[in-house]
Amino acid sequence: MTTANSGVIEWECPSNIALIKYWGKKEGQIPMNPSLSFTLSESVTNLTMEYSYGRNQTFLTEFLFDGKPNPVFGRKIADYLLAITPILPALRHINLKINSVNTFPHSSGIASSASSFGALALALCSLENMVTGTEFNEVLFYKRASYLARLASGSACRSVFGGFVIWGLMDEVPGSGDEAAVPLTDIHREFRDIRDSILIVSSGTKAISSSKGHELMNRNPFASTRAFQAVNNLKRLITSLTNGELNDFIEIIETEALTLHAMMMTSSPGYFLIIPQTLEIIGKIRKFRADTGLPVGFTLDAGPNVHFIYPHPAEMDVRRFIEKDLTEYCENSRVIHDKIGRGPERKR
Ligand code: DP6
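Residues numbered from 1 in each chain as written. Predicted model: local features only at pLDDT ≥ 70, side-chain atom pairs only at ≥ 80, totals over all residues. Heavy atoms only, no water.

(A) Representation of the overall build of the chain in the model. Within the chain one finds nine helices and 14 strands. What you see for the chain is a C-alpha radius of gyration of 20 Å, in line with the 20 Å of a compact globule of 348 residues. Across its three principal directions, the C-alpha atoms of the chain cover 65 × 45 × 40 Å. For the chain, with 348 residues in total, the buried portion stands at 55%. Across the chain, the fraction of contacts at a sequence separation of at least 24, relative to all contacts at a separation of at least 6, is 75%. Counting only carbon and sulfur atoms, one obtains 53% of the accessible surface of the chain, whose full area is about 15,200 Å². (Helix = DSSP H or I, 4+ residues; strand = E, 2+ residues; numbered from the N terminus. Rg over C-alpha atoms; globule rule 2.2 N^0.38 Å. Buried < 20%, exposed > 50% of the residue type's maximum accessible area, 1.4 Å probe, protein only. Contact = heavy atoms within 4.5 Å. Areas by Shrake-Rupley, 256 points an atom, 1.4 Å probe, with all protein chains shown as cover.)

Structure, rendered in structure tokens:
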């Protein structure tokens, strides 16, 4: 047991962008299909956790979001901590104060739940190691963090690793499973420095949350076909990532993005999260690709903003094109230039 009665743990954890989409889940945060994302570099949450030994119950004494009290998020985190206490008994005698700060604006189309719950899960694992005096090896530590992050938010379990990451059982991927994510190795150099410029067309709150969207998949008539398609697309995407086939890669990620939104439209009730500017941008990106022959494409999250995906060598051309032809569709001309990153980092 550690002798310190209090202390501070700090983790920085990035968000991620899914290329094969997790959409629909079963009981216990088990995905309906495997998904694949890459972890971002600039869009991160910095989470500081102050702990002290004291009460005989887990107790979140303070939760600050971007330095200010946030009762809604605070309640969500307190419920989560209570729910995981049976699998993290170390929490029983600890008081926590948490301050979670994002480098990117809330509702900007970047999954803040992925980075914030990723950071929280990592901090909890560090806390557990300290309280119990166990030193997990690195592989087990991140696996446990991914597992704990998944229980808070599915996509968060992919954020605890850098690079390309798979969540969900795939026979072809050793170590993969529904309970936690695994990093994908053997990535061709074409993809090692891949870029994601996020075109913010609207930063407003979504009409239908992702949780509701997942739930609606339970009654979607195309759900089983979708799960089958996702597995196929994932197999093809892994092949393209291994062999450096950029054109296949682009074709698959665009199909995935459009299928995600097709699932929303074919839910009951059906709904749209894309807006006219989303379609304008997609049309322009496709035309730019046809005109220049550059292997660039897009993906979409559960929202209207467009993630413009391209390899590093295309960066100068793409940046010029965005400035000239795309910022006019963005809210206050806002674009966040991000790229693949190395994953989370413990700061304290
Ligand atoms: C469209 O991970 O936010 O971004 O598990 O309910 O927290 P919960 O859902 P969440 O869903 C993300 C859906 C997605 C696709 C993806 O990230 O794979």
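(B) Looking closely at unusual backbone geometry. Cis rather than trans, the peptide bond between S268 and P269 has omega equal to 5 degrees. Turning to its location among the elements, P269 is positioned in the loop between α7 (246-265) and α8 (276-292). Although it is not a glycine, N332 sits at a positive phi angle of roughly 50 degrees. Structurally, N332 is set in the loop between α9 (315-326) and β13 (335-339).

(C) Representation of the site of the ligand. Near the ligand lie 16 residues; those nearest to it are Y22, K25, S153, S155 and D301. Between S153 and the ligand, the recorded distance is 2.7 Å, taken from a side-chain N or O atom to an oxygen atom. Along the lines of polarity and charge, the residues of the shell around the ligand split into five nonpolar, seven polar and four charged. (Near = heavy atom within 4 Å. Polar contact = N/O pair within 3.5 Å; in protein donor to acceptor, adjacent residues only side chain to side chain. Nonpolar A, V, L, I, M, F, W, Y, C, P; charged D, E, K, R; others polar.)

(D) Representation of the packing of α8 against α9. Axis separation between α8 and α9 bottoms out at 12 Å; the angle between their running directions is 135 degrees. It follows from the interaxial angle that α8 and α9 lie oblique. Between α8 and α9 the crossing geometry is right-handed. In this structure, α8 uses I281, K284, I285 and F288 to contact α9, whose residues at the interface are D317, V318, F321, D325 and L326. Broken down by class, the residue content of the contact of α8 with α9 amounts to six nonpolar, no polar and three charged. (Axes fitted to C-alpha atoms, helices over the stretch in contact; angles between N-to-C directions. Parallel < 35°, antiparallel > 145°, perpendicular 65-115°, else oblique. Left-handed = near helix turned anticlockwise from the far one by under 90°.)

(E) Quick look at helix α1 (residues 71-84). The terminal C-alpha atoms of α1, which comprises 14 residues, lie 20 Å apart, in line with the 20 Å expected from a rise of 1.5 Å per residue. Within α1, the full set of buried residues consists of G74, I77, Y80, L81 and I84. Buried residues along α1 cover an arc of 125 degrees about the axis, so they all sit on one side. Of the residues in α1, the exposed ones pointing more than 90 degrees away from the buried face are P71, V72, R75, L82 and A83. (Expected span 1.5 Å × (residues − 1). Arc of directions from axis to C-beta.)

(F) Quick look at the nonpolar core. Residues M49, L96, L120, L124 and L127 are the most contacted members of the largest nonpolar core, which totals 43 residues. Take this core: its biggest share by element is ten residues, from helix α2 (residues 112-132). Setting aside anything within four residues of it in sequence, one finds M49 in contact with G7, V8, I9, L96, K97, I98, L120, A123, L124 and L127. One finds L184, I187, I194 and I198 within the second-largest nonpolar core, a separate group that totals 32 residues. (Core = buried A, V, L, I, M, F, W, Y, C linked by side-chain atoms within 4.5 Å.)

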